[in-house]
Amino acid sequence: MPTFLWESIAFGPIYSRRLGSSLGINLMPTDEKICTFDCLYCECGWTYEKNLNAREPYPLEIVTDAIHRKLSDCYKNGMKVDSLTFSGNGEPTLYPYFDKVIDFLIPLRDKFYPNAVISCLSNSTMLVNENVAKALRKIENPILKLDAGTQKLLNIINSPIIPVDIELLTELLCTFNGKLVIQTLFFSGEKDGVYFNNAENEEYHSWLDRIRRIKPQRIMVYSLDRETPALNLHKFDKDFLDKIVGELRHEGFLAESY
């Protein structure tokens, strides 16, 4: 089974298809994925630990020190940084001091890389925590996942390990008043003998209806790029993704394919 885990709290910069020169911030353990989802396509592999409180989180001081040292070193060495990106080994907003890290990072970014944006790649499930939602509203690039338009397909693709209601999720995304980026991975495949395709017919139109309600400032459309833990998954080519982007732009959205 393919598994890719980041080995430090702060890493890179690395080149990102979506974000340019991205300095990564990983708030999860370096030896295990911790997430509220168990997505079929996750490059970090399966979510084996179902108890989200089983691991002691990094102390806040350890995290802020690692970020400060990495940013300082990048600045001293003249390295380009376009985005300071929370990603890493699972769902970054599960970190219990996520809001405090955001408050620490904003002035540090302003000092070293004032033209860089702060991004967070999140699966949206922790928006039920108001502290998390407030912290995400403070940054330029909250990139929030919505891979499905129906509860049934969300359960197949994302396999949540906590209760996730897609209607509540949509309502919470609407509270950003459009100041967010939606990321959607389009693909097809089979799970337990059941075929699915989130770019097809009713499923796609259910997703699009939710997008119309959320009104994001931008939509990132992409497909499979790395090895996946699940078998029998199929990527879409760029021409197909560009067709989706064209439809979204016709609706008035700013959309890009990757």
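The coordinates are above.
Below is a short write-up of the structure.

The rules behind these values
Residues numbered from 1 in each chain as written. Predicted model: local features only at pLDDT ≥ 70, side-chain atom pairs only at ≥ 80, totals over all residues. Heavy atoms only, no water. Helix = DSSP H or I, 4+ residues; strand = E, 2+ residues; numbered from the N terminus. Polar contact = N/O pair within 3.5 Å; in protein donor to acceptor, adjacent residues only side chain to side chain. Contact = heavy atoms within 4.5 Å. Core = buried A, V, L, I, M, F, W, Y, C linked by side-chain atoms within 4.5 Å. Buried < 20%, exposed > 50% of the residue type's maximum accessible area, 1.4 Å probe, protein only. Phe/Tyr/Trp six-rings, centres within 6.5 Å; stacked < 30°, edge-to-face > 60°. Lys NZ or Arg CZ within 6 Å of the ring centre and 35° of its normal. 1 Å grid on protein atoms, 1.4 Å probe; cavity = no way out; pocket = protein on both sides within 12 Å on 5 of 7 lines; lining within 4 Å. Points joined across faces, edges and corners; volume = space filled by probe spheres on them. Nonpolar A, V, L, I, M, F, W, Y, C, P; charged D, E, K, R; others polar. Pairing = 2+ DSSP bridges. Axes fitted to C-alpha atoms, helices over the stretch in contact; angles between N-to-C directions. Salt bridge = Lys/Arg side-chain N within 4 Å of Asp/Glu carboxyl O.

1. Details of the side chain of Thr36
- Counting through the fold element by element, Thr36 comes out in the loop between strand S2 (20–25) and helix H1 (60–76).
- A distance of 2.9 Å separates polar atoms of two side chains, one belonging to Thr36 and the other to Asn123.
- In this structure the side chain of Thr36 is engaged in a polar contact, spanning 2.7 Å, whose partner is the side chain of Thr125.
- Discounting residues that sit within four places of it in the chain, Thr36 has contacts with Leu52, Glu91, Leu94, Asn123, Thr125, Met126, Pro160, Ile161 and Ile162.

2. Considering the nonpolar core
- Leu71, Phe86, Leu136, Phe186, Trp207 and Leu248 are the most contacted members of the largest nonpolar core, which has 84 residues in total.
- The element that contributes the greatest number of residues to this core is helix H2 (residues 98–112), accounting for six residues.
- Among residues more than four places away in sequence, those in contact with Leu248 are Tyr204, Trp207, Leu208, Ile219, Val221, Phe253 and Ala255.

3. Here we look at the packing of aromatic side chains
- One pass over the structure, following the stated rule, counts ten aromatic pairs.
- Considering the side-chain rings of Tyr75 and Tyr113, the 6.3 Å spacing of their centres and the 90 degrees angle between planes classify their relative orientation as edge-to-face. Remark: Tyr113 occurs in the loop between H2 and strand S4 (117–122) and Tyr75 occurs in helix H1; sequence separation between them is 38 residues.
- Of the residues examined, Tyr75 reaches a relative accessible area of 47% and is grouped as partly exposed.
- Taken together, the ring pairs connect Tyr41, Phe187 and Phe196 into an aromatic cluster.
- Lying over the aromatic face of Tyr222, Arg18 brings its terminal NZ or CZ to 4.6 Å of the ring centre.

4. Observations regarding empty space enclosed by the protein
- Following the criterion strictly, the structure yields one cavity of 30 Å³ or more and no others.
- Of the pockets and cavities examined, the largest cavity occupies roughly 50 Å³.
- Lining the largest cavity, in full, are Phe37, Asn123, Lys145, Leu146, Asp147, Ala148, Leu154, Asn158 and Leu169.
- Partitioned by chemical class, the residues of the lining of the largest cavity number five nonpolar, two polar and two charged.

5. Structural notes on the sheet that holds strand S7 (residues 187–191)
- Strand order across the open sheet formed by three strands is S8-S7-S10, with antiparallel pairing between neighbours. The sheet terminates laterally at strand S8 (194–197) and strand S10 (233–235), the two strands that pair on one side only. When the angles between neighbouring strand axes are averaged without regard to direction, this sheet yields 10 degrees.

6. Focus: the layout of surface pockets
- Space inside the largest pocket adds up to approximately 910 Å³.
- Lining the largest pocket are 35 residues, and of these Arg18, Glu43, Ser87, Leu121 and Arg226 sit closest to its centre.
- Across the lining of the largest pocket, the residue classes tally to 16 nonpolar, eleven polar and eight charged.
- Of the pockets and cavities examined, the second largest pocket occupies roughly 320 Å³.
- Looking at the second largest pocket, it is lined by 14 residues, and the ones nearest its centre are Leu52, Arg55, Pro57, Leu94 and Pro96.

7. A look at the pattern of salt bridges
- Inspection of every chain in the model, using the stated rule, returns 17 salt bridges.
- A salt bridge links Arg210 to Glu167, with the shortest nitrogen-to-oxygen separation between them at 3.1 Å. Taken together, the positions of Arg210 in helix H6 (residues 201–214) and Glu167 in helix H5 (residues 166–174) put the pair 43 residues apart, joining distant regions of the chain.
- Here Arg210 falls in the buried class, since its relative accessible area comes to 12%.
- By relative accessible area, which is 29% here, Glu167 ends up partly exposed.
- Where Arg213 meets Glu167, a salt bridge forms, and the shortest distance between an N and an O atom there is 2.7 Å. Note that Arg213 is positioned in helix H6 and Glu167 in helix H5, a separation of 46 residues in sequence.
- One network of salt bridges, with partners in common, ties together Asp31, Glu32 and Arg55.

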